[in-house]
Amino acid sequence: MEELKEQLVEEFGEKALVEAFGELTLIVESYGIVKTCLKLRDFFGFDTLIDLCGVDYLTYGQSDWDASASSSGFSRARSAQGDEDRHEQRFAVVYHLLSVSKNQRIRVKSYVDEDEPIIKSVTGVWSSADWYEREAFDLMGILFENHNDLRRILTDYGFVGHPLRKDFPMIGEVEMRYDETLGRVVYEKVSIKPNINVPRVIRK
Amino acid sequence: MAEIRNYTLNFGPQHPAAHGVLRLILEINGEVIERADPHIGLLHRGTEKLAESKPYNQSIGYMDRLDYVSMMCNEHAYVMAIETMLELEVPERAKYIRVMFDEITRILNHLMWLGTHALDVGAMSVFLYAFREREKLIDCYEAVSGSRMHATYYRPGGVYRDLPDKMPQYLKNDFRSDKELEAMNENRQGSLLDFIADFAKEFPQSIKQYDDLLTDNRIWKQRLVNIGVVSANRAKQMGFTGPMLRGSGVTWDLRKNQPYAVYDKLDFDIPVGVTGDSYDRYLVRMEEMRQSNSIITQCVEYLQNNPGPVMSDDHKVSPPKRNNMKDDMESLIHHFKLFTEGYSLPEGEVYSAVEHPKGEFGVYLISDGANKPYRVKIRAPGFAHLASMDEMVKGHMLSDVVTIIGTQDIVFGEIDR
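Residues numbered from 1 in each chain as written. Chains lettered and ligands numbered in written order. Predicted model: local features only at pLDDT ≥ 70, side-chain atom pairs only at ≥ 80, totals over all residues. Heavy atoms only, no water.

A. Highlighting the overall build of chain A. For chain A, the count of helices and strands is three helices and eleven strands. The secondary structure elements of chain A, listed N-terminal to C-terminal, are α-β-β-α-β-β-β-β-β-β-α-β-β-β. Put simply, chain A has 204 residues, and 46% of those count as buried. For chain A, the exposed area adds up to about 11100 Å²; of that, 50% sits on carbon and sulfur atoms. (Helix = DSSP H or I, 4+ residues; strand = E, 2+ residues; numbered from the N terminus. Buried < 20%, exposed > 50% of the residue type's maximum accessible area, 1.4 Å probe, protein only. Areas by Shrake-Rupley, 256 points an atom, 1.4 Å probe, with all protein chains shown as cover.)

B. Here's a closer look at the interface of chain A and chain B. With 58 residues of chain A at the contact, the number on the chain B side is 61 residues. Around 4900 Å² of area is buried between chain A and chain B when both sides are counted, 52% of it from carbon and sulfur atoms. When residues of chain A are sorted by the area they lose upon contact with chain B, A:Phe21, A:Trp131 and A:Leu154 head the list and together hold 16% of the total. At the junction of chain A with chain B, the criterion picks out eleven salt bridges. Among the ionic pairs, B:Lys236 bridges to A:Asp47, the shortest N-O distance being 3.7 Å. Among the secondary structure elements, those contributing two or more residues to the side of chain A that touches chain B are strand E2 (23-28), strand E3 (48-56), strand E6 (91-99), strand E7 (104-112) and helix H3 (129-140) of chain A. Among the residues making up the side of chain A that touches chain B, the classes are represented as 31 nonpolar, eleven polar and 16 charged. (Contact = heavy atoms within 4.5 Å. Buried area = accessible area lost by both parts, 1.4 Å probe. Salt bridge = Lys/Arg side-chain N within 4 Å of Asp/Glu carboxyl O. Nonpolar A, V, L, I, M, F, W, Y, C, P; charged D, E, K, R; others polar.)

C. Seen up close, the packing of aromatic side chains. On inspection of all chains with the given rule, the structure shows 19 aromatic pairs over all chains. Judged by centre distance (5.5 Å) and plane angle (65°), the rings of A:Trp131 and B:Phe383 are edge-to-face. Note that A:Trp131 is positioned in helix H3 and B:Phe383 in helix H15 (residues 381-387), a pairing that runs across two chains. The two residues A:Trp131 and B:Phe383 agree in class, both being buried. Residues A:Tyr132 and B:Phe383 carry aromatic rings whose centres are separated by 5.2 Å and whose planes lie at 40° to one another, so their mutual orientation is tilted. Placement of A:Tyr132 in helix H3 and of B:Phe383 in helix H15 is noted, with the two residues assigned to different chains. (Phe/Tyr/Trp six-rings, centres within 6.5 Å; stacked < 30°, edge-to-face > 60°.)

D. Main features of the nonpolar core. All names here are of chain B. Within the largest apolar cluster, 170 residues are counted, with the highest numbers of intra-cluster contacts made by Met100, Phe101 and Leu365. Ranked by residue count, the leading element in this core is helix H4 (residues 92-121), at 14 residues. Every residue in contact with Leu365, bar those within four places of it in the chain, is listed here: Tyr56, Tyr78, Ala81, Ile82, Met85, Leu345, Gly348, Glu349, Val350, Pro373, Arg375 and Val376. (Core = buried A, V, L, I, M, F, W, Y, C linked by side-chain atoms within 4.5 Å.)

E. Structural detail: the side chain of B:Thr241. Within the element layout of this structure, B:Thr241 appears in the loop between helix H9 (232-237) and helix H10 (243-246). Within the structure, the side chain of B:Thr241 is placed 3.5 Å from the side chain of B:Arg379, a separation counted as a polar contact. (Polar contact = N/O pair within 3.5 Å; in protein donor to acceptor, adjacent residues only side chain to side chain.)

F. Focus on the packing of H4(B) against helix H5 (residues 124-145) of chain B. Residues and elements named next belong to chain B. In the contact formed by H4 and H5, the axes pass within 8 Å of each other and the chain directions differ by 155°. On the basis of the axis angle, H4 is roughly antiparallel to H5. The way H4 lies across H5 gives a crossing that is left-handed. Along its contact with H4, which presents Phe101, Ile104, Thr105, Ile107, Leu108, Leu111, Met112, Leu114, Gly115, Thr116, Ala118 and Leu119, the element H5 presents Met124, Val126, Phe127, Ala130, Phe131, Glu133, Arg134, Leu137, Ile138, Cys140, Tyr141 and Val144. Residues belonging to the contact of H4 with H5 are distributed by class as follows: 19 nonpolar, three polar and two charged. (Axes fitted to C-alpha atoms, helices over the stretch in contact; angles between N-to-C directions. Parallel < 35°, antiparallel > 145°, perpendicular 65-115°, else oblique. Left-handed = near helix turned anticlockwise from the far one by under 90°.)

G. Molecular detail of the environment of B:Leu345. Residues and elements named next belong to chain B. Position of Leu345 relative to the elements: it lies in the loop between helix H14 (329-340) and strand E6 (348-356). On the basis of relative accessibility, which here comes to 1%, the residue Leu345 falls in the buried class. What Leu345 contacts, discounting residues up to four positions off in sequence, is Tyr56, Ile82, Met85, Leu86, Leu365, Ser367, Gly369 and Ala370.

H. Structural detail: the sheet that holds strand E8 (residues 375-379) of chain B. Residues and elements named next belong to chain B. The three strands lie next to each other as E6-E7-E8, forming an open sheet whose pairing is antiparallel. On the outer flanks of this sheet lie E6 and E8, each paired with one strand and no other. Averaged over all pairs of adjacent strands, the angle between their axes in this sheet comes to 10°, without regard to strand direction. Here helix H3 (residues 71-86) sits on the sheet and contacts E6 and strand E7 (359-367); the angle it forms with E6, its principal contact strand, is near 150°. (Pairing = 2+ DSSP bridges.)

I. Fine view of a nonpolar patch on the surface. All names here are of chain A. On the surface, Val174, Met176, Tyr178, Val185 and Tyr187 cluster together to form a nonpolar patch covering roughly 520 Å² of accessible area. For the nonpolar patch, the secondary-structure elements that each account for two or more residues are strand E10 (174-179) and strand E11 (184-189). It is E10 that contributes the most residues to the nonpolar patch, three residues altogether. Examined against the element boundaries, Met176 turns out to sit in strand E10. (Patch = residues over 30% accessible without salt bridge, like charges linked within 9 Å, V, L, I, M, F, W, Y side chains within 5 Å.)

J. Seen up close, the pattern of salt bridges. With the rule as written, the count across this model stands at 47 salt bridges over all chains. Where B:Glu349 meets A:Arg107, a salt bridge forms, and the shortest distance between an N and an O atom there is 3.5 Å. Of the two residues, B:Glu349 is situated in strand E6 and A:Arg107 in strand E7; the pairing between them involves two chains. One exposure class covers both B:Glu349 and A:Arg107, and it is buried. When the shortest N-O distance is used, the salt bridge between B:Asp390 and B:Lys394 registers 3.5 Å. Classification of B:Lys394 as partly exposed rests on a relative accessible area of 46%. Where salt bridges share partners, they join B:Glu103, B:Arg106, B:Arg246, B:Asp253, B:Arg255, B:Glu288 and B:Glu355 into one cluster.

K. Structural view of the pairing of E3(A). Residue and element names in this part refer to chain A. E3 sits mainly inside the fold: nine of its nine residues count as buried. Alignment of E3 against E6, held across eight bridges, turns out to be antiparallel. Along E6, the bridge assignment pairs Asp56 with Phe91.

Right, here's the structure in full:
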């Protein structure tokens with residue numbers, strides 16, 4: 001792993017590489033993703049794309065309860081957090097690569113723009129990216145340029161929204177039932193209310 | 001002359017050979033498949049979204065429900081991700097118990113696969129025999145966790161409780177005579193470990209039975225040999241792992257290449273195929289069952305001789321002893337905090353993978369320091385395998401689609417998540 005690290009630092013610079021929990025993360029700009037991936041595949045021997053997923057950092061580091069001790073004791077109100085402690089970029093695409101020949105792993109992370117979450121598709125580099133990119137598009141709304149079949153994959157036909165985004169409610173937007181008079185299935189606004197059983201607490 | 005065009009056939013989602021809720025849109029020219037477009041997501045339950053809304057320990061049960069024929073292996077990946085982030089030490093005995101149950105699970109999975117695969121291809125009896133053995137292993141699940149399928153047995157820091165000293169026995173009822181009852185309970189007189197040891201002793205004969213029924217069977221070979229051939233390079237390109245990759249001749253097994261738990265201390269072999277067709281993958285999985293059986297025997301031997309704790313004594317993540325809670329304030333607080341708020345992980349991200357019976361099952365966990373995961377991404381092996389469906393069935397006959405679904409070992413719980 002040390003050897004790989006040195007090579008990566010040489011290729012991508014020291015700033016791009018993060019090591020944590022014994023894993024390497026390479027953070028790259030989204031515009032050069034295909035080039036980076038080709039480099040990783042051909043020169044570093046990462047022959048398999050194990051996983052590809054989108055991450056939404058919208059509520060990163062926010063908690064339902066502010067549990068820090070202050071002079072007036074623990075505050076137990078749900079705190080609305082301002083924009084200042086938001087994560088810098090909202091969306092990231094994360095690639096997990098595996099080199100079967102060299103027995104190495106690496107994680108490649110690329111942030112994409114919030115308003116236009118577009119990144120080049122890596123289907124030309126690894127065939128397995130096809131469905132993973134469809135999944136990231138479906139659940140996270142990230143668009144993959146040059147992907148030739150970017151359809152929804154996991155959600156229902158005609159589904160609206162991207163369910164793994166943090167602003168998509170846990171209970172969903174619509175519910176479905178069979179309407180006797182119309183003789184078909186109809187969609188209506190959800191009638192249940194969101195319920196947090198265990199609040200989200202951050203303890204440092 | 002009328003023009004002959006391709007036609008489109010809808011296969012599933014309600015079809016016994018679709019192994020759950022797979023909907024395939026097949027474009028067929030005569031009986032030859034030109035294109036296959038799997039529609040998935042009919043079993044999508046939003047496991048990742050649900051896990052984001054719950055404290056870490058409350059999602060272990062969801063992991064069982066992903067690949068619902070290899071429950072404990074899923075849990076293993078998830079608890080390992082948490083343990084890595086907490087840098088938590090797991091007692092040796094717990095690791096052996098986990099490995100033993102991972103291998104029991106592997107046999108459970110492969111028996112299910114073998115039975116249904118053979119059933120799809122036209123051999124009814126293997127299914128019945130496979131379920132005979134599965135029943136015994138499921139009883140082991142029940143003995144250790146109280147549940148026959150969704151065990152929720154692994155915990156960050158170990159396993160929920162130690163193996164029971166007594167194997168549960170069949171009870172008397174109106175439908176069985178005393179003599180029958182005695183025969184049924186014959187191997188259940190001792191502990192769970194004795195029962196498993198007895199199973200491991202008998203199991204090679206059972207495998208031999210399946211072997212006799214299938215391996216040289218003319219129909220079986222006609223249906224499997226040279227069907228769905230995948231080259232080693234294509235297999236890696238398409239993200240294959242597990243038996244699907246090994247069937248194509250690549251020696252890759254996380255248990256050997258990136259050992260976790262105690263796999264580095266155990267002796268076992270990795271079978272690989274040669275041609276990469278369905279028959280090779282069948283042989284690989286059959287041999288894997290034999291190897292798993294040998295691993296189980298080794299684990300039983302260790303566990304019988306080495307008692308010890310099975311759970312970390314870090315009470316931030318593991319519940320304190322009930323007795324201590326009666327007169328120890330700290331234990332009571334630990335218990336209360338653990339079961340209400342849970343525990344927080346340090347900020348960061350981790351990917352932990354295990355060699356699941358179907359391939360590499362990984363959990364990518366991002367934590368922002370809260371008591372719930374910020375993002376959980378489950379890497380299911382079946383997802384990548386099913387994605388290759390189009391390439392694998394192209395040019396094959398309609399009946400071979402069924403063989404290829406079987407050989408891919410598709411389970412929708414993990415694919416749809």
